[in-house]
Amino acid sequence: MDIESIERVGVVGAGTMGNGIAQVCAANGYEVLMRDIEAEFVEKGMDAIDDSLGRFVSKERLSEEEAEETKERITGTTELDDLADCDLVIEAAVEKTEIKQEIFSDLEEITPRETVLATNTSTLSITTIASATEREGQVIGLHFMNPVPIMEGVEVVVGEKTSEETVEFAHAFAEDVGKTTWESDDKPGFVTNRILMPWINEGIRAFDEGVASKEDIDAGMELGTNVPMGPLTLADHIGLDICLDASETLHEELGDRYKPAYLLKRKVAAGDLGKKTGAGFYEYE
């Protein structure tokens, strides 16, 4: 697949990652079809894009005309068949292997043979997801960082049977939508979450064990290591449920060094998932 031939991008999932990917693709000139299983989810995704573009306009990073043009390039749908004419499809559904395999199997049936199928998974095996298709060479990981419209990076994850042509295409596409890429083999957690999740979990344990207040833990890491967010603030922004899912996957694959912190489990069980629910380690409006 040649980058110059890509006109229409499909995005499966209208949640935080899906709507962010849709926005970035549309802002860089691509026609986008954003699909979710219920109209309510699609509507929420479109509202999130509207809000995000509004913030860009208010900060004078986009003109009102550019924001409107971006919105006009995005079409919401609940029908997977509507993605049949897409040149590239990026899946950003829930982090469950079986669900992703089902989506990829369905996408193989409806999309042209040359369409590249990418997954935004942050921890799950690209090779396992690709095994649900007969085009394993054209399946790749495109792991966008959250929040997608702001974060610069995209992790390109290479499955066991991903072709070199698909790898080159993935780098080129991510760069074409304004991102900088790095590449990872298809190992648990890839580069980012393999290193990030233990860091977040240790921050949570330090708070739970009374080493310091959450504010001082975050301040210590921000000022002491020059990261933009400390582990507890970052966990809230990612979503504590997502952090727990990632930690549990890594724990299963790599052993006890990735065991999720007890307080992380307790927060998720209580429904305090971070910024998206209004409360996590901190409270949000």
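Residues numbered from 1 in each chain as written. Predicted model: local features only at pLDDT ≥ 70, side-chain atom pairs only at ≥ 80, totals over all residues. Heavy atoms only, no water.

Within an unreviewed UniProt entry, the label attached to the chain reads 3-hydroxyacyl-CoA dehydrogenase family protein, and the organism entered is Halalkalicoccus tibetensis.

1. Notes on unusual backbone geometry
P147 follows N146 through a cis peptide bond whose omega is 0 degrees. Look at F190: it is not a glycine, yet its phi comes out positive at around 55 degrees. Its location among the elements puts F190 in the loop between β8 (180-185) and α7 (192-208). On the accessibility criterion, F190 (3% relative accessible area) is buried. The phi dihedral of N226 is positive, around 65 degrees, even though this residue is not glycine. (Helix = DSSP H or I, 4+ residues; strand = E, 2+ residues; numbered from the N terminus. Buried < 20%, exposed > 50% of the residue type's maximum accessible area, 1.4 Å probe, protein only.)

2. Some thoughts on the packing of α7 against helix α11 (residues 262-269)
Across the interface, α7 lies against α11 with an axial gap of 8 Å and an inter-helix angle of 90 degrees. Put simply, α7 runs roughly perpendicular to α11. Contacts from N201, I204, F207 and D208 of α7 reach α11 at Y262, L263 and L264. Within the contact of α7 with α11, the residues separate by chemical class into 5 nonpolar, 1 polar and 1 charged. (Axes fitted to C-alpha atoms, helices over the stretch in contact; angles between N-to-C directions. Parallel < 35°, antiparallel > 145°, perpendicular 65-115°, else oblique. Contact = heavy atoms within 4.5 Å. Nonpolar A, V, L, I, M, F, W, Y, C, P; charged D, E, K, R; others polar.)

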